[in-house]
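The lines below spell out each chain.
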Amino acid sequence: MLLTPGDYRYEIRRDGAVIAVEQERYAAGAITGERRTTDGANTHQVDAVLDADNVTRVSVRYNRGLFKRTAVYDADDEILRGSVSAVAGHNEVVVKLGRFREIDADLVLFRALILAHIRARGQFRWTGRVAIIDPNTLVAAALKQNCRRRDDAGLRWAWEARMGDADEIELDSAGRIVRQRDSWGIDKVLVDFVPAAG
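Residues numbered from 1 in each chain as written. Predicted model: local features only at pLDDT ≥ 70, side-chain atom pairs only at ≥ 80, totals over all residues. Heavy atoms only, no water.

**Looking at the overall build of the chain**
Threshold: Strands here mean DSSP runs of E at least two residues long; helices mean DSSP runs of H or I at least four residues long; both are numbered from the N terminus. Only C-alpha atoms enter the radius of gyration; for comparison, a globular chain is expected to reach 2.2 Å times N to the power 0.38, where N is the number of residues. A simple rule labels every residue: compare its accessible area, found with a 1.4 Å probe on the protein chains alone, to the largest value its type can have, and call it buried under 20%, exposed over 50%, or partly exposed in between. The contact criterion used throughout is that any non-hydrogen atoms of two residues lie within 4.5 Å. The Shrake-Rupley method, run with a 1.4 Å probe, gives the accessible areas here. Residue values count only the displayed protein chains as cover. Neither His nor the chain ends contribute to the count of charged residues, in which Lys and Arg are positive and Asp and Glu negative. Lysine's charge is taken at NZ, arginine's at CZ, aspartate's at CG and glutamate's at CD.
Looking only at helices and strands, the chain has one helix and 15 strands in total. The C-alpha radius of gyration of the chain comes to 16 Å, within 12% of the 16 Å expected for a compact globule of 198 residues. When the backbone C-alpha atoms are referred to their principal axes, the chain occupies close to 50 × 40 × 40 Å. The burial tally for the chain puts 44% of its 198 residues in the buried class. Sequence separation of at least 24 residues holds for 39% of the intrachain contacts in the chain that already meet a minimum separation of 6. A total of about 10100 Å² of accessible surface is found on the chain, and carbon and sulfur atoms cover 48% of it. For the chain, the distance from the average site of its 30 positive side-chain charges to the average site of its 30 negative ones is 2 Å.

**Overview of the nonpolar core**
Basically, it comes down to this: As used in this record, nonpolar core signifies buried Ala, Val, Leu, Ile, Met, Phe, Trp, Tyr and Cys residues forming a set joined through side-chain atoms within 4.5 Å.
Counting residues in hydrophobic clusters, the biggest one holds 48 residues, and the most contacted among them are Val58, Tyr73, Leu80 and Trp159. Residue contacts for Trp159: discarding those within four places in its chain leaves Arg111, Ile114, Leu115, Ile118, Trp126, Gln145, Asn146, Cys147, Asp165, Ala166, Asp167 and Ile169.

**Structural notes on the side chain of Asn54**
Here Asn54 lies in strand β5 (residues 54-64). Among the residues examined, Asn54 registers a relative accessible area of 18% and is labelled buried. In this structure Asn54 touches Val49, Phe100, Arg101 and His117, once residues within four positions along its chain are discounted.

**Thoughts on the confidence of the model for the chain**
Rule in force here: Across the chain, each position has a pLDDT score giving the predictor's confidence in that residue, from 0 to 100.
For the chain, mean pLDDT is 94; residues scoring 70 or higher make up 99% of the total. Element-level mean pLDDT values for the chain span from 91 in strand β12 (residues 156-162) up to 98 in strand β1 (residues 6-14).

**Some points on helix α1 (residues 108-120)**
Let me state the cut-off plainly: Here the expected length of a helix is defined as 1.5 Å per residue gap, with one fewer gap than residues.
With 13 residues, α1 extends 18 Å from end C-alpha to end C-alpha; this agrees with the ideal 18 Å at 1.5 Å per step. The element α1 is largely enclosed, with a buried count of 11 among its 13 residues. Inspection of α1 places Val108, Leu109, Phe110, Arg111, Ala112, Leu113, Ile114, Leu115, Ala116, His117 and Ile118 among the buried residues, and these make up the whole buried set. Note on α1: the residue one or two positions beyond its end, Gly122, has a positive phi of about 75°.

**Remarks on the pairing of β1**
In plain terms, the rule: Should DSSP find at least two bridges between two strands, the strands are regarded as paired.
In this sheet, strand β15 (residues 186-195) lies alongside β1 in antiparallel orientation, the contact comprising nine bridges. Looking across to β15, one finds that Gly6 is bridged to Pro195. As judged from the nine bridges shared by β1 and strand β2 (residues 17-27), these two strands associate in the antiparallel manner. By the bridge assignment, Tyr10 is partnered in β2 with Glu22. Linking two consecutive strands that pair antiparallel, namely β1 and β2, is a turn of two residues; a positive phi of about 55° is found at Asp15 within it.

**Points about the pattern of salt bridges**
Condition: Whenever a carboxyl oxygen of Asp or Glu lies within 4 Å of a side-chain nitrogen of Lys or Arg, that contact is scored as a salt bridge.
Tallying each qualifying case throughout the model produces 15 salt bridges. A salt bridge links Arg35 to Asp106; the shortest N-O distance between them is 2.7 Å. Within this pair, whereas Arg35 is found in strand β3 (residues 30-37), its partner Asp106 is found in the loop between β9 (102-104) and α1, the two being separated by 71 residues in sequence. For Asp106, a relative accessible area of 24% corresponds to the partly exposed category. Within this structure, Arg156, Glu170, Arg179, Arg181 and Asp187 form a network of salt bridges that share partners.

**Some points on the environment of Arg81**
Position of Arg81 among the secondary structure elements: in strand β7 (residues 79-86). For Arg81, a relative accessible area of 47% corresponds to the partly exposed category. For Arg81 and Lys96, which are 15 residues apart along the polypeptide, the C-alpha to C-alpha distance reads 8.7 Å. Setting aside residues no more than four positions away along its own chain, Arg81 makes contact with Val72, Tyr73, Asp74, Val93 and Val94.

Right under this line is the structure:
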């Protein structure tokens, strides 16, 4: 396993104030998690199935008040195929996967998994296509992303998710993301980790 199994709790902060909390779990074959704003108005829930540390199926739910949207995606060798359902209807989505079949459903553990793949391959910098599932629309799109190592130990990384957007990522010695700060001033900070039993 590339990530440390257990329960992760991230606080999402803007200007030092907590605006949301992510509760996530990584176990053999699965990533599950929920992001909830501090006022309880918005939730983003994800359940993903992994095979050999690659995402093969992901279910996403978004709730904002009475508005609800759901999506289910399945990955094969080259394609991420799924459907998005909301009050107004049902849409089919097909996205071409990149060479390494990376998928990001907008929780910290998905970025951590991609970065773990890069580190396991011994790469200092990487550019590739990632299937990004938008947390508001739940529609997937293939975006080119790149990252580069910023220190000799491989614990600090610069990540460009989109043109002009730059994240700074800090890892601990176990490879867990302990802090992710984007160019908009949003911090995601690991505040609690409980390792899996056994």
